[in-house]
Amino acid sequence: MTRFLIRRAAGFVLTLLAVSVVVFAVMSMLPGDPALSILGIEASPEALAAMRSQLGLDAPAPARYAAWALGALKGDFGTSYAFRVPVGGLIAERLPLTLSLALGAMAVTLVLAPGLGMAAAARHGGPGDWAVMVLSQIGIAVPAFWMSILLILLFAVRLGWLPSGGFPGWDQPLAALRALVLPVIALALVQSAVLARVTRSAALEVMRLDFVRTARATGLPRRRILWRHVLPNALIPIVTIIGMQFAAIVTGTVVIESVFSLPGLGRLLLQSIANRDLITVQALVLLFAAIVVTANFLVDLAYVAIDPRLTGRQS
Amino acid sequence: MIRVEGLSAALPQGQALRDVSLSVARGERLGLVGESGSGKSMLGLALMGMVPDAAQLSGRIALDGQDMTGATEAAWQPLRARKVAMIFQEPMTALDPLVRIGETVMEPLILHLKMRRRDARARALDLLAETGLTEPEAKMRQYPHQLSGGQRQRVLIALALACDPGVLIADEPTTALDAQIALRITDLLVRLSRDRGMALIFISHDLAAVARATERLAVMYGGDLVETGATAEVLANPRHPYTQGLIAARPRPDPAMIRKRLPVIPGTVPTLGDLPRGCRFAGRCAAELPRCAGTRPAPWPTASGQAACHLLEPAP
Amino acid sequence: MRHRASLILGAVLVGLMAAAGLVSLAWTPWPLAEIDVLNKLAAPSAAHPLGTDGLGRDLLSRLMAGAANSLSVAAGAVLLGGGIGTGLGLLASAWGGRVEEALMRLCDLSFAFPALLFAIMLAAAFGPSLLNTGLAIAFINVPIFARVARGAANQVWVRDFVLAGRAAGRGRAAISRDHIVPNIAAPLIVQATIEIATAILAEAALSYLGLGAQPPAASWGRMLAEAQTLLWVAPMQAVWPGLCITAAVLGFGLLGDGLRDWADPRLVRRQA
């Protein structure tokens with residue numbers, strides 16, 4: 001078990017490192033001069049040179065990378081070209097909103113999907129199974145941002161129950177929660193469709209295995225067989241997908257924040273791109289990628305918790 | 001203990017069981033032999049109420065005096081493990097890989113017998129010890145993948161015995177095991193049956209194992225019960241041509257046989273879809289009569305049982 | 001039976017969308033850019049079957065043109081990225097060793113970047129346009145196809161007829177071309193169909209964010225962004241483009257599922 005974990009942890013750190021190099025390299029290759037975009041096209045060449053030196057852009061690339069990466073480790077991502085404030089601060093302000101969106105959507109997905117998938121598998125071939133399959137097939141094809149617009153149409157425009165967008169700030173907790181309901185549901189519905197399908201097919205796969213027959217022959221009630229024996233054995237593919245889905249949800253927030261005008265990391269990313277605020281974009285892309293890599297690492301840890309065969313105590 | 005009358009099972013691809021009647025007395029050990037596709041496993045599953053959804057059953061099944069004809073899943077479920085239990089051929093995959101051995105054996109004790117965890121643990125330990133599992137205490141904490149095939153089969157037997165069933169159905173319990181281990185498991189099943197007064201239905205295609213384990217024998221072919229009788233009697237003096245072929249085709253360590261070709265039953269087992277209408281063995285039988293393919297033979301009495309063959313029909 | 005159904009339904013949806021897009025290249029009910037401010041947000045009528053948009057342009061015409069844009073960008077991007085990726089995968093499989101190891105590590109690394117995020121970044125970096133959106137989506141497809149092609153090719157390389165070819169002294173490139181490619185075509189086509197569905201979603205999202213198609217070009221994602229500002233006035237404006245995206249994505253998804261089961265019957269039970 002320890003060897004598996006050490007290998008995975010080493011892989012995790014190496015991937016993060018590689019990701020940071022790639023992000024830095026891509027950003028360095030992009031066209032555009034930060035000094036120029038800060039000072040404007042009327043700036044004198046001397047002023048531009050002075051600004052580049054102030055930004056540390058005149059150092060060779062490896063040195064710039066080292067400075068940036070070491071800073072990032074300490075939470076210092078440099079100073080935003082556009083806002084003239086530390087990037088770390090910009091991110092910290094917006095992280096809670098994006099994280100609430102992502103975690104909320106993941107939680108709703110985890111509440112909805114496995115139950116639906118298991119119910120469908122238990123009624124394999126029946127009308128309930130069919131309904132879940134058709135709904136999820138359609139759900140997978142619906143873009144999350146259109147789902148958002150439809151939800152706004154129904155709950156904001158028609159019924160007037162919930163706001164159509166905007167965020168009042170965390171100092172009004174109730175209003176803040178109301179503002180998050182529709183975006184969370186929009187993100188969760190699409191992912192639930194995917195997860196319900198995966199759960200169903202993983203469960204059907206397990207239900208054909210011999211030990212399920214043993215459990216039946218032992219007189220265990222159907223429900224107990226499904227939840228105590230089938231579901232845990234189906235968890236490996238399910239957890240794998242959940243890890244990928246968390247990544248998809250985190251990315252999805254970029255679009256969803258735009259639909260609902262929520263001031264989160266996604267909005268910051270789009271703004272920074274529009275402002276050619278490369279240093280902020282760089283930090284954000286690194287952060288998003290780090291979240292994805294971390295999610296995958298957590299999935300690896302979950303495998304160990306789920307399956308005793310992975311812990312290598314065979315002997 | 002078990003009484004089956006006129007049991008038939010129709011699958012979409014054909015008839016898996018035809019008009020099978022059989023009974024097993026309390027504590028009796030019955031061998032059920034036949035090739036794959038003979039319906040012996042289907043009969044075993046029918047006695048557990050576990051035939052595939054696609055199978056249409058007709059006929060009567062009575063368990064311990066209780067009529068289970070047409071019983072629903074909900075009616076069967078409480079009887080499984082408590083009245084009739086079953087172990088299967090493949091011990092390697094028959095245990096949930098994510099559940100410790102102890103928990104597996106304790107599950108029916110807690111669920112069915114409403115034992116408290118501590119009592120269930122002690123009982124599970126006794127059961128594992130009773131099946132001859134070495135170091136049962138340590139094995140309780142282990143996972144199935146840490147056990148050998150023979151050890152797993154012992155765990156499965158302990159699991160089947162948990163609620164003290166009146167009948168144990170063992171479907172090819174030794175086929176997947178080494179010869180040595182297979183012998184020991186066979187002997188274990190016989191001992192448990194004797195000690196507990198538990199009826200044993202031993203399903204196998206291995207005549208040596210059946211001879212060792214059982215008192216009475218039922219031979220199946222193509223969904224029909226072709227011959228029954230005392231095990232020793234049937235093996236020594238088979239009356240049905242199929243039983244005769246089966247016994248002749250058995251590999252034996254006989255020096256005289258080494259140079260000769262092993263006698264085989266000509267032809268192959270027909271698929272369910274194209275079984276003959278009359279005697280299922282028609283077409284492969286060396287002593288076939290003109291009426292065999294079209295008319296189903298009635299069971300005629302033999303020395304210790306019955307055999308369904310036109311050859312045994314008393315001359316008119 | 002259900003797999004036959006998904007194949008047919010998928011083919012019908014894809015065919016419908018493709019036909020609408022193709023027809024739009026030659027003819028649309030109304031000229032695409034014809035602005036008629038006096039007749040904006042008109043209700044459906046005989047002249048305008050789905051009504052008009054905020055500038056009085058015929059909605060049906062724009063949806064058809066949107067199909068052309070969306071499908072061509074998605075298919076083009078998958079073809080381009082898939083082609084490059086397949087080439088890299090074949091290379092990795094044929095050469096093995098360090099080349100294979102390095103290429104596959106690179107693929108693993110690329111999966112650490114959420115696809116849509118990467119596309120947003122690239123599209124932004126090279127300027128918002130439909131072409132750049134397509135290039136960004138193509139880029140995302142490279143590692144996906146490299147991995148699928150390499151996995152499938154590795155299975156073919158050990159088959160007898162390939163071993164025979166190697167024994168006969170044929171070069172790796174020739175064997176790849178003559179024996180490997182035909183034998184891995186089926187999984188690649190299935191993958192491409194499914195990736196086109198993903199690409200349509202990505203293009204729509206990017207265009208919605210303003211990073212894809214630029215006005216006055218018609219794009220489903222762009223139309224949704226415009227419609228969102230009119231939700232209180234003309235809700236149906238936000239329904240049609242979304243339906244088109246969903247239908248196209250559903251179509252390619254079903255077609256891919258159906259093709260997979262058709263190409264590999266062994267998988268049917270697993271997928272059922």
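Given the structure is predicted, the values throughout are model-derived calculations rather than measurements. (Residues numbered from 1 in each chain as written. Chains lettered and ligands numbered in written order. Predicted model: local features only at pLDDT ≥ 70, side-chain atom pairs only at ≥ 80, totals over all residues. Heavy atoms only, no water.)

When helices and strands are tallied, chain A shows 12 helices and zero strands. Helices and strands appear in chain A in the N-to-C order α-α-α-α-α-α-α-α-α-α-α-α. Seen through its principal axes, chain A has C-alpha atoms that stretch 85 × 60 × 35 Å. Burial analysis of chain A (315 residues in total) assigns 49% to the buried set. Excluding contacts between residues fewer than 6 apart, the proportion of contacts in chain A whose partners are at least 24 apart in sequence is 72%. As presented, chain A carries roughly 14,100 Å² of accessible surface, and 68% of it is formed by carbon and sulfur atoms. (Helix = DSSP H or I, 4+ residues; strand = E, 2+ residues; numbered from the N terminus. Buried < 20%, exposed > 50% of the residue type's maximum accessible area, 1.4 Å probe, protein only. Contact = heavy atoms within 4.5 Å. Areas by Shrake-Rupley, 256 points an atom, 1.4 Å probe, with all protein chains shown as cover.)

Next up on the list: the overall build of chain B. Across its full length, chain B carries 10 helices and 12 strands. For a compact globule of 316 residues, the expected C-alpha radius of gyration is about 20 Å, and chain B comes in at 20 Å, within 12% of that figure. When the backbone C-alpha atoms are referred to their principal axes, chain B occupies close to 70 × 50 × 35 Å. A burial count over chain B gives 53% of its 316 residues as buried. Total accessible area on chain B is roughly 13,900 Å²; 52% of this is exposed by carbon and sulfur atoms. Between the centroid of the 37 positive side chains of chain B and the centroid of its 32 negative side chains there is a distance of 2 Å. (Rg over C-alpha atoms; globule rule 2.2 N^0.38 Å. Lys, Arg positive; Asp, Glu negative; His and termini not counted. Charge placed at Lys NZ, Arg CZ, Asp CG, Glu CD.)

So, about the interface of chain A and chain B. Counting residues at the interface gives 21 residues for chain A and 27 residues for chain B. Counting across the chain A and chain B interface gives two salt bridges. For Glu73 of chain B, the salt bridge identified is with Arg216 of chain A, shortest N-O distance 2.9 Å. Summed over the shared surface of chain A and chain B, the result is 11 residue pairs in polar contact (both at pLDDT 80 or more). Elements supplying a minimum of two residues to the side of chain A that touches chain B: α9 (210-217) and α10 (222-259) of chain A. In terms of residues, the side of chain A that touches chain B owes the most to one element, α9 of chain A, which gives six residues. In terms of residue class, the side of chain A that touches chain B is made up of seven nonpolar, six polar and eight charged. (Salt bridge = Lys/Arg side-chain N within 4 Å of Asp/Glu carboxyl O. Polar contact = N/O pair within 3.5 Å; in protein donor to acceptor, adjacent residues only side chain to side chain. Nonpolar A, V, L, I, M, F, W, Y, C, P; charged D, E, K, R; others polar.)

In this section: the UniProt feature "domain: ABC transporter" (unreviewed entry) in chain B. Taking the numbering used here, the UniProt-annotated feature "domain: ABC transporter" (unreviewed entry) corresponds to residues 2-247 of chain B. In this annotation, residues 2-247 of chain B is assigned 38% helix and 26% strand; the end-to-end C-alpha distance for the span is 27 Å. (UniProt positions renumbered as here; feature names shortened; annotations may be inferred.)

On to the nonpolar core, then. In this structure, Leu269 of chain A together with Ile120 of chain C are the most contacted members of the largest nonpolar core, which totals 160 residues. Taken domain by domain, this core gets at least three of its residues from each of domain 1 (2-73) and domain 2 (91-308) of chain A. Those residues in contact with Ile120 of chain C that sit more than four places away from it in its chain are Val254, Leu269, Leu270 and Ile273 of chain A together with Leu206, Leu209 and Leu211 of chain C. The next biggest cluster of nonpolar side chains, apart from the first, holds 55 residues, and it includes Ala160, Leu200, Val234 and Phe281 of chain B. (Core = buried A, V, L, I, M, F, W, Y, C linked by side-chain atoms within 4.5 Å. Domains from an automatic or database assignment.)

Residues and elements named next belong to chain A. The geometry of helix α7 (residues 144-158) relative to helix α8 (residues 173-207) is characterised by a closest axis approach of 9 Å and an angle of 135° between their N-to-C directions. As judged from the angle between their axes, α7 and α8 are oblique. The two elements α7 and α8 meet at a crossing, and its hand is right-handed. On α8, the residues touching Ala144, Met147, Ser148, Leu151, Ile152 and Phe155 of α7 are Leu182, Ile185, Ala186, Leu189 and Val190. When grouped by side-chain class, the residues that make up the contact of α7 with α8 number 10 nonpolar, one polar and no charged. (Axes fitted to C-alpha atoms, helices over the stretch in contact; angles between N-to-C directions. Parallel < 35°, antiparallel > 145°, perpendicular 65-115°, else oblique. Left-handed = near helix turned anticlockwise from the far one by under 90°.)

With that settled, the discussion passes to the interface of chain C and chain A. Interface size is commonly expressed as the accessible area that is lost once the parts come together. Listed as interface residues are 37 residues of chain C and, on the opposing side, 47 residues of chain A. Of all residues in chain C, the largest losses of buried area upon contact with chain A belong to Phe113, Leu117 and Met121 of chain C, amounting jointly to 16% of the total for that side. Applying the counting rule to chain C against chain A returns zero salt bridges. Linking chain C to chain A there are two residue pairs in polar contact (both at pLDDT 80 or more). Where the side of chain C that touches chain A is concerned, the elements lending two or more residues are α4 (115-125), α7 (172-208), α8 (220-228), α9 (240-263) and α10 (266-271) of chain C. Element by element, the count of residues in the side of chain C that touches chain A is highest for α9 of chain C, at eight residues. Residue classes in the side of chain C that touches chain A are distributed as 29 nonpolar, four polar and four charged. (Buried area = accessible area lost by both parts, 1.4 Å probe.)

This brings us to the UniProt feature "transmembrane region" (unreviewed entry) in chain A. Residues and elements named next belong to chain A. With numbering matched to this structure, UniProt assigns "transmembrane region" (unreviewed entry) to residues 12-30, 99-122, 134-157, 177-198, 230-259 and 279-306. Regarding residues 134-157, the helix share stands at 92% and the strand share at 0%, and the terminal C-alpha atoms are separated by 28 Å. Secondary structure within residues 177-198 divides into 100% helix and 0% strand; the distance between the first and last C-alpha atoms comes to 30 Å.

The subject of this paragraph is the domain arrangement of chain A. All names here are of chain A. Here chain A is partitioned into domain 1 (2-73) and domain 2 (91-308). Relative to domain 2, the C-alpha centre of domain 1 lies at a distance of 32 Å. If you look at the interface, domain 1 gives 17 residues, while domain 2 gives 14 residues. Where domain 1 abuts domain 2, roughly 1,500 Å² becomes buried across the two surfaces, and 80% of that area is made up of carbon and sulfur atoms. Considering only the surface of domain 1 that becomes buried against domain 2, Phe12, Met27 and Trp68 emerge as the three largest contributors, covering 35% of it. The interface formed by domain 1 and domain 2 holds one salt bridge in total. Here Asp300 and Arg8 are joined by a salt bridge, their closest N and O atoms 2.9 Å apart. In this assembly, domain 1 and domain 2 are joined by one residue pair in polar contact (both at pLDDT 80 or more). Counting residues per element, the ones that place at least two in the side of domain 1 that touches domain 2 are α1 (2-29) and α4 (61-73). Counting residues per element, the side of domain 1 that touches domain 2 draws most heavily on α1, which supplies 12 residues. Partitioning the side of domain 1 that touches domain 2 into residue classes produces 13 nonpolar, three polar and one charged.

Tallying each qualifying case throughout the model produces 32 salt bridges over all chains. The salt bridge involving Lys40 of chain B is made with Glu172 of chain B; its shortest N-O contact spans 3.4 Å. Residue Lys40 of chain B is found in helix α1 (residues 40-46), and its partner Glu172 of chain B is found in the loop between β7 (167-171) and α7 (179-196); the two are separated by 132 residues along the sequence. Measuring nitrogen to oxygen at the nearest pair gives 2.8 Å for the salt bridge that ties Arg170 of chain C to Asp178 of chain C. Judged by its relative accessible area of 35%, Arg170 of chain C falls in the partly exposed class.

Turning to the pairing of strand β1 (residues 2-11) of chain B, a few remarks are in order. In summary, the side chains of a regular strand alternate between the two faces of the sheet. Residue and element names in this part refer to chain B. Looking at chain direction, β1 and strand β4 (residues 56-63) are connected through seven bridges and run antiparallel. The residue bridging Ala9 from the neighbouring strand is Leu57, located in β4. As defined by bridge partners, β1 adjoins strand β2 (residues 14-24) across seven bridges and the pair is classed as antiparallel. Note that in β2 the partner of Ala9 across the bridge is Leu17. (Pairing = 2+ DSSP bridges.)

Turning our eyes to something else, we now look at a nonpolar patch on the surface. Residues and elements named next belong to chain A. A contiguous nonpolar surface patch, about 260 Å² in accessible area, is contributed by Leu112, Val181, Ile185 and Leu189. Among the elements that make up the nonpolar patch, the one with the highest residue count is α8 (three residues). Examined against the element boundaries, Leu112 turns out to sit in helix α5 (residues 87-122). Look at Leu112 and you get partly exposed, because its relative accessible area is 36%. (Patch = residues over 30% accessible without salt bridge, like charges linked within 9 Å, V, L, I, M, F, W, Y side chains within 5 Å.)

Moving on to the sheet that holds β1 of chain B. Judged by pairing direction, the sheet is antiparallel, and its four strands sit side by side in the order β2-β1-β4-β5 (chain B) without closing on themselves. Looking along the sheet, the strands with just one partner apiece sit at the ends: β2 and β5 (66-67) of chain B.

With that settled, the discussion passes to the packing of aromatic side chains. All names here are of chain A. Under the counting rule described, the total for this entry stands at 10 aromatic pairs over all chains. With centroids separated by 4.4 Å and ring planes inclined at 10°, the aromatic side chains of Phe12 and Phe297 adopt a geometry described as stacked. With Phe12 in helix α1 and Phe297 in helix α12 (residues 278-306), the pair connects residues that are 285 residues apart, well separated along the chain. The residues Phe12 and Phe297 share a single accessibility class, namely buried. One aromatic cluster in this structure is built from Phe24, Tyr65 and Trp68. (Phe/Tyr/Trp six-rings, centres within 6.5 Å; stacked < 30°, edge-to-face > 60°.)

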